Amino acid sequence: MAVTEASLLRQCPLLLPQNRSKTVYEGFISAQGRDFHLRIVLPEDLQLKNARLLCSWQLRTILSGYHRIVQQCPQEISRQPLC
């Protein structure tokens, strides 16, 4: 399991890989006491900093106030050690 994959699954255990190349993850995250559907599409190089987040307008509205934090999340996830 790659560092990126292990870190992503540790941070978001309800997101599961949707293809063999592990470039698409789909599942749910919680924000403000609610669960939201989320799809993450990684580029071929698997760099989280270039990932696309696909979600509902409700979750996008919640995340809009945290734009800088969301941008930093991939950096923080990739710095965490493996289990």
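Counting restarts for each chain, with residues numbered from 1 along the sequence as it is written. Reporting in this predicted model follows two pLDDT cut-offs: at least 70 for local features of residues, and 80 or more for side-chain atom pairs to be given and counted; totals over whole chains, interfaces and linings ignore these cut-offs and use all residues. Computation of side-chain values covers all heavy atoms of the structure but excludes hydrogens and water.

The protein chain goes by FA complementation group L in an unreviewed UniProt entry, where it is assigned to Homo sapiens.

### Remarks on the nonpolar core
Just so we agree on the cut-off: The nonpolar core is taken to be a set of buried Ala, Val, Leu, Ile, Met, Phe, Trp, Tyr and Cys residues, with the residues joined through side-chain atoms within 4.5 Å. Using a 1.4 Å probe on the protein chains alone, a residue whose accessible area is under 20% of its type maximum counts as buried, one over 50% counts as exposed, and one in between counts as partly exposed. Helix and strand definitions here come from DSSP, where helices need a minimum of 4 consecutive H or I residues and strands a minimum of 2 consecutive E residues; each element is numbered from the N-terminal end. Contact definition: two residues touch when any of their heavy atoms are within 4.5 Å.
Of all hydrophobic cores here, the largest spans 12 residues; its members are Cys-12, Leu-15, Tyr-25, Ile-29, Ala-31, Phe-36, Leu-38, Ile-40, Leu-42, Leu-48, Leu-59 and Ile-62. Counting residues per element, the ones that place at least two in this core are strand S2 (24-31), strand S3 (34-41) and helix H2 (57-64). Residues within four places of Ala-31 in sequence aside, it is in contact with Phe-36, Leu-59 and Ile-62.

### A word on unusual backbone geometry
A positive phi angle is found at Lys-22, which is not glycine, with a value near 55°. Structurally, Lys-22 is set in the loop between strand S1 (15-17) and S2. For Gln-32, which is not glycine, the phi dihedral falls at a positive 50°. Relative to the helices and strands, Gln-32 is located in the loop between S2 and S3. Residue classification places Gln-32 among the exposed residues on the basis of a relative accessible area of 62%.

### As for the confidence of the model for the protein chain
The cut-off we apply is this: One confidence number per residue, pLDDT, is output by the predictor and ranges from 0 to 100.
Across the protein chain, the average pLDDT comes to 74, with 67% of residues at 70 or higher. At the low end of the mean pLDDT range in the protein chain sits helix H3 (residues 67-79), at 51; at the high end sits S3, at 90.

### Focus: the sheet that holds S2
Applied cut-off: Strand pairing is assigned whenever DSSP identifies at least 2 bridges connecting the two strands. Axis geometry follows a simple rule: fit a line to the C-alpha atoms, using only the stretch in contact for helices, then measure angles between N-to-C directions, giving values from 0 to 180 degrees.
Strand order in this open sheet of 4 strands is S1-S2-S3-S4, and the pairing throughout is antiparallel. Whereas interior strands pair on both sides, the edge strands pair on one side only; in this sheet they are S1 and strand S4 (52-55). Strand-to-strand twist of the sheet, defined as the mean angle between neighbouring strand axes without regard to direction, takes the value 25°. In terms of strand pairing, S3 meets S4 through 4 bridges, oriented antiparallel. Paired with Ile-40 across the two strands is Leu-53, which belongs to S4.

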